[in-house]
Amino acid sequence: MSERSPASLFRLGPQPGEVLDRSQSFHFLWDGGSYPAFAGDTIAAALAASGVRVLSRSFKYHRPRGILTASFHDPGCMVQADGEPNVRAAHRRVKPAMDVAPQNVWPSLRFDVRSANRALGRFLTPGFYYKTFIKPQRLWPAYQKVLKRFAAGGRISAGSAHGYFDKRYAHPDVLVAGGGPAGMAAAVAAAEAGASVMLVEEEHDLGGHLRWGGSGELGVLAALRAAVTGQSGIEVLTDSAVTGRYDDNWVAVVQRGLSDVEERLIKARAGVVVVAPGLIERPYVFAGNDTPGVMLSTAVRRLVNLYAVRPGSRAVVLTANDEGDAAAADLERVGVEVAAVVDARRGGDVVRVRGGRSVERVELGDGTSVDCDLLVTAVGWTAPTALLNMAGDRPVYRPQAARFLPGADLAPNVLAAGGLAGDGSLDQLIEHARAVGQRAATGEGVIPDLEVRDHPALFGGRTHGIVDLSEDISSKDIVAAAREGYDSVELLKRFTTVTMGAAQGKLETVNAVAILAEATGRSIDETGTTMWRPPYVPITLGALAGRMFEPIRHSPMQPWHEAYGAVPLVAGEWIRPDHYGDPVAEVRNVRDNVGIIDVTPLGKLDLRGPDVPQLLNLLYVNKWSKLEIGAVRYGVMCAEDGVVLDDGVTGHLGPDHYLMSTTSSGAATVWEWAENWLQTAHRDWRVHVTPVTAAFASINVAGPNSRQLLSRVTTGVDLSPEAFPYMNVRTGSIAGVDGCVMWRIGFTGELSFEIHVPAGYGLHVWEALIDHGADLGVAPFGVEAQRIMRLEKGHAIVGQDTDGLTRGYSAAIDSLIKLDKDDFAGLPELSWQRQRGEYPMLVGLQPVDGSVVPAEASQIVEGNHIVGRITSSRWSPTLGRSICLGFVAPHLIDAGTVVTVQLPDRSRIEATVTPQLAHFDPAGVRLRG
Amino acid sequence: MAEPVPRSPAARSPITPAAPVVVRDGWEVSDRRSSAALTLADCTPVRKFVVRGNGVLGVPFGRAERHGDTLVAGSGPGEWTVFGGEAAPSPEGEFISVVDVTHGRALIRLTGVLAARLLAKVCPIDFSERVTPHGAAFRSSVAALATDVVRDDRDGSPSYLLHCERSAGQYLYDSLLDAGAELGIEPTGGDGR
Amino acid sequence: MILVPCPHCGPRNVAEFRHVGEAAARPDPASATPEQWRGYLYLRRNPAGPTTETWYHRAGCRAYFAAERHTVTNEFRRTWLPGEVAALAGGATEMGAGVDASGGQGSGGKST
């Protein structure tokens, strides 16, 4: 059979239900050749209309494959189109000049070297990768190279353009999954009853199986489509699929085929979900069942009626139901010679198909053989119960009907309609669906029962064939796996990979279960099926990612930092200046002159009310009742397990008014912590907490010249050391901006003032400081320089020099903890820690060789025991040597102790414990000036 | 002590104003006027206060009421956000606090018939007329950021005020512009309300 | 994702909330033994069935409230605000404050 035949042989004249626009014809590329198509053709239909039969090579054995189902799920129809891999050729519409190529072929579709795998079949049995390519281990890179060549699938180019993906939310009262006759009827009935409805249909048009039906069905289709269009309140999404149903009817819908967005993910909270997916036709398992030219009856009816394609010239039809009969009639109608109709209801059977790249002959159950180029099978239907399963239902297998039906555990807000729910005439199914729609919208109404018709149970024939065409798993493989002991359906699935391919079980599960049941002497019901999991259809990672919602927070001075060449540091959601080119120079400038640093991310909480001191006493380990107006105090917070939670300074600004600062990463945590206490255990306390972290731009002005600089721009505050001592707070006007809060504290160890400016004026004040301090040597400094200086002063950073196990006394804050307070967070654990004694301690450390800067988190060891670690480590420009903070075991805490530090490269150095945490100016002379 | 420093410096919003930029009422603002059907305006300069107490302002939780130029929203249990007005609110009651958050919150106004469609892309709340009519006020997650929303229709057009913690203002603004791109959104200058 | 019925705001996506944990009565810190205190910090019944727990409406009204939820079906039976203890029938649990023992350290930098 040649691959390129005159188009007219395979393209029919206009069909009543066709989706083609014959006024628009064009050409496209396939496997190097040019082929004609009409607007409305799918890639596979257009190729079939040119007589092309082989569309791909299968996953493992590289067997030639063609159209089987002519639907989205067709396993033999995955192609590469315009650079996009894994395109479903039987669903994707052709575009003019589209460049389509086969996948998984080498060197070509015609002659695929890797089909030699078939000869190696016995070495490539299921699970072969558990048994081969294991030893010797040193050959793994070589194995990988070879196996990669044989791996299936399309190609992704690194230069592919980025797509625009999107997300949106929806709140339909009723979401109908499936736009066939039942889905449409349910949607209309629900909307008539006043519900907002979202109707989701996988294919390009509503209608389901009506679209390839006879004139009667086409008439019903037209009426239903008109009803949907004419009814307000129905949002119709075509070329879209429900990919999963989650708790409380949270439903994910993937919307494809949009002009401006690659794929859109719709997250819908539906009041009621109506599941109306119809039934999926099941392939028959026998020798040669995957040969191009073997098709399901629905494939034939789609090709003939939707795409005006003659699928072959001489056909054999194996039919067990009305749809198979109708397919035979369709073929005859369009001039295909139907050489034999094999009626499975009367015992007819197909044993084997002969022909390599295409069907040539069919051997029947009665011993005869028929020459033909097309074998049509109609052996039964699979109920796609996935959404029901996801809603907690356990579908039940009905042997008489040879399919699964909804169980009794369906949630009241999930309803089934159409073929999934039962059988009947078209009118009966529509009436049932309308009642379902009514119930979905109103919660009322009686839903009529549906009969369940008998159907012969046809799964595997007399010969072994392919069960999973996506994964190349044959019935022989399933029987062998069961014999090896993988006899439960979940084990079978994982060992053989059956149902794990592109169709995800829609075409394979029931056949696999039936064959396993027979091989293990159980019923299908006893064997059970595997778990259905979302997504029901493939979804791009782009759609799942959608728009990247990652809040970013900026200080008002950010434009200045950028213009000044700051190297950014990502600190949680904040972008901060790490340094401006030379952090060491920044340190020297602060210690010698004056520097300014943007500390806006510092957490700030406005506390108001008469009971604020009680809150402070509860949250902090120290005492707060006697903090006078104008004074500032440093505090540490512990959690109820005694572990250090946060630290900061809090100032008493005015009557019943305090300003608390926290670490920047702890701002949200401390606020929630305070709210927890105030809302639950202490509802009677009159305290209002308002976060003002971003309301103030915060600048730390530090260095010997800081007072001088600040006084040049400040009015309303006496900055002299007598009027404004260390650990005090004042409010005044800076650079003409009223309402600025200033406190004198000293993280860096220099004379410094931390000013908090209403954020809208932050940049203005920053610039004013720069402008007014040139002769004083003002320069900005960043987070890195601040880290170095605070380390020189031995100031611990919560979360860096403490961790989730550091109880208060271990953090060297003994003098702060007031165990004689009534109750504060952490009190019991801290007092027990104190009683026990013998706890690891945070100490200052200096490597004996001052030129070595140990990596942070380097372990402190004794022999092969870990007795501590380095928590902070830097080279100090001020001291000209390396300095550290770290934890050591209780017996090593004394000043002068020499400890051994193991560096990441496993070499060891020695370091000495210092008398106090501060390496520089331990008395704090510079601070208090 | 100090040399005289220029008084009344202009305050800046966290959101970079769309050109042309002018100074109005002490704030750097955008003077752009767009007649697009869907517009986004930075209204951060509007005065804002958080009032806390028990039942102090009559507006119930989840609702907002306008009195002339002042909008009062019941933004939380025992909490109200007051927008606009000449002076700080001074309600009577037992334990009240009033905190000026003019600088602490970025405020954005989204106006147009398609506004709810845009919001449905970035916020999981149901924006239908039934659930979120004119006068509704709530707090939820918009583009993964905790944001307060007040529906405050203008001249018959659906309009929403969104405010968030100030430092994320530019992020919220950019997220709304991105979501509205396919709907033809355009930035416009705020008009102080 | 499940819907959590906030007593102030009504049902909202669970993503707006922080699940604080199973409720536990806080012993008197002055008289509790270490075993009792650590029981309060770390031990929870964790039943497969109805449980009383605390939720925090992080991205909404920022209220702490208690809920009775069935841990297998995720059905919320009832919710109540602190202070509504008296309104409950049949031995309500006082809603403890410190169940979030570690204070959620490291939740880092979330917008406030």
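Remember, it's a predicted structure, so these values are computed and weren't measured experimentally.

In this section: the overall build of chain A. Regarding its fold elements, chain A presents 23 helices and 49 strands. What you see for chain A is a C-alpha radius of gyration of 38 Å, clearly larger than the 30 Å of a compact globule of 929 residues, by over 25%. Each principal axis of the C-alpha atoms in chain A carries an extent, and together these give about 110 × 70 × 55 Å. Counting the 929 residues in chain A, one finds 60% classified as buried. Residue pairs at least 24 apart in sequence account for 66% of intrachain contacts in chain A once pairs closer than 6 positions are excluded. Here chain A displays about 35500 Å² of accessible surface, and carbon together with sulfur accounts for 52% of that area.

Residues and elements named next belong to chain B. Along its sequence, chain B is carved into domain 1 (34–45 + 103–187) and domain 2 (48–100). The C-alpha-based centres of domain 1 and domain 2 are spaced at 21 Å. Residue-level contacts link 15 residues of domain 1 with twelve residues of domain 2. Viewed at the interface, domain 2 and domain 1 are joined by two salt bridges. In this structure, Arg139 engages Glu79 in a salt bridge whose closest nitrogen and oxygen atoms are separated by 3.2 Å.

Turning our eyes to something else, we now look at the packing of aromatic side chains. All names here are of chain A. Applying the stated criterion across every chain, the model contains 20 aromatic pairs over all chains. Linked through ring pairs, Trp560, Tyr564, Tyr580 and Trp766 together constitute an aromatic cluster. Geometry around Tyr536 places Lys506 over its ring, the cationic atom sitting 4.2 Å from the centre. Between Arg730 and the ring centre of Phe724, over which it is positioned, the NZ or CZ distance is 5.1 Å.

Once that is clear, we can look at the interface of chain B and chain C. If you look at the interface, chain B gives twelve residues, while chain C gives eleven residues. The junction of chain B with chain C conceals about 1000 Å² of combined surface from both sides, 53% of it contributed by carbon and sulfur atoms. The largest per-residue losses of area from chain B upon contact with chain C belong to B:Phe61, B:Pro77 and B:Arg139, which jointly make up 47% of the total buried on that side. Counting the contacts that link chain B with chain C gives zero salt bridges. Seen at the junction of chain B and chain C, the total is four residue pairs in polar contact (both at pLDDT 80 or more). Every element with two or more residues in the side of chain B that touches chain C is listed here: strand E10 (137–142) and strand E11 (145–151) of chain B. Among the elements that line the side of chain B that touches chain C, the one with the most residues is E10(B), at four residues. Broken down by class, the residue content of the side of chain B that touches chain C amounts to seven nonpolar, two polar and three charged.

With that settled, consider the packing of helix H5 (residues 181–192) of chain A against helix H6 (residues 215–230) of chain A. All names here are of chain A. The contact between H5 and H6 brings their axes to 9 Å, and the two run at 35°. Crossing geometry of H5 relative to H6 is assigned as left-handed. Along its contact with H5, which presents Pro181, Met184, Ala185 and Val188, the element H6 presents Leu221, Leu224, Arg225, Ala227 and Val228. Within the contact of H5 with H6, the residues separate by chemical class into eight nonpolar, no polar and one charged.

Residues and elements named next belong to chain B. Across the seven residues of E11, seven count as buried, placing the element largely inside the fold. Side-chain alternation along E11 places Leu145, Thr147, Val149 and Arg151 on one buried face and Ala146, Asp148 and Val150 on a second face that is also buried. As paired elements, E10 and E11 share six bridges and run antiparallel to each other. Within E11, the position partnered with Ser140 by the bridge is Thr147. Here E10 folds back onto E11 in antiparallel fashion, the turn holding two residues, of which Ala143 has a positive phi close to 50°. Taken together, the four bridges between E11 and strand E12 (residues 159–165) define a ladder with antiparallel strand orientation.

The rules behind the values
- Residues numbered from 1 in each chain as written.
- Chains lettered and ligands numbered in written order.
- Predicted model: local features only at pLDDT ≥ 70, side-chain atom pairs only at ≥ 80, totals over all residues.
- Heavy atoms only, no water.
- Helix = DSSP H or I, 4+ residues; strand = E, 2+ residues; numbered from the N terminus.
- Rg over C-alpha atoms; globule rule 2.2 N^0.38 Å.
- Buried < 20%, exposed > 50% of the residue type's maximum accessible area, 1.4 Å probe, protein only.
- Contact = heavy atoms within 4.5 Å.
- Areas by Shrake-Rupley, 256 points an atom, 1.4 Å probe, with all protein chains shown as cover.
- Domains from an automatic or database assignment.
- Salt bridge = Lys/Arg side-chain N within 4 Å of Asp/Glu carboxyl O.
- Phe/Tyr/Trp six-rings, centres within 6.5 Å; stacked < 30°, edge-to-face > 60°.
- Lys NZ or Arg CZ within 6 Å of the ring centre and 35° of its normal.
- Buried area = accessible area lost by both parts, 1.4 Å probe.
- Polar contact = N/O pair within 3.5 Å; in protein donor to acceptor, adjacent residues only side chain to side chain.
- Nonpolar A, V, L, I, M, F, W, Y, C, P; charged D, E, K, R; others polar.
- Axes fitted to C-alpha atoms, helices over the stretch in contact; angles between N-to-C directions.
- Left-handed = near helix turned anticlockwise from the far one by under 90°.
- Pairing = 2+ DSSP bridges.

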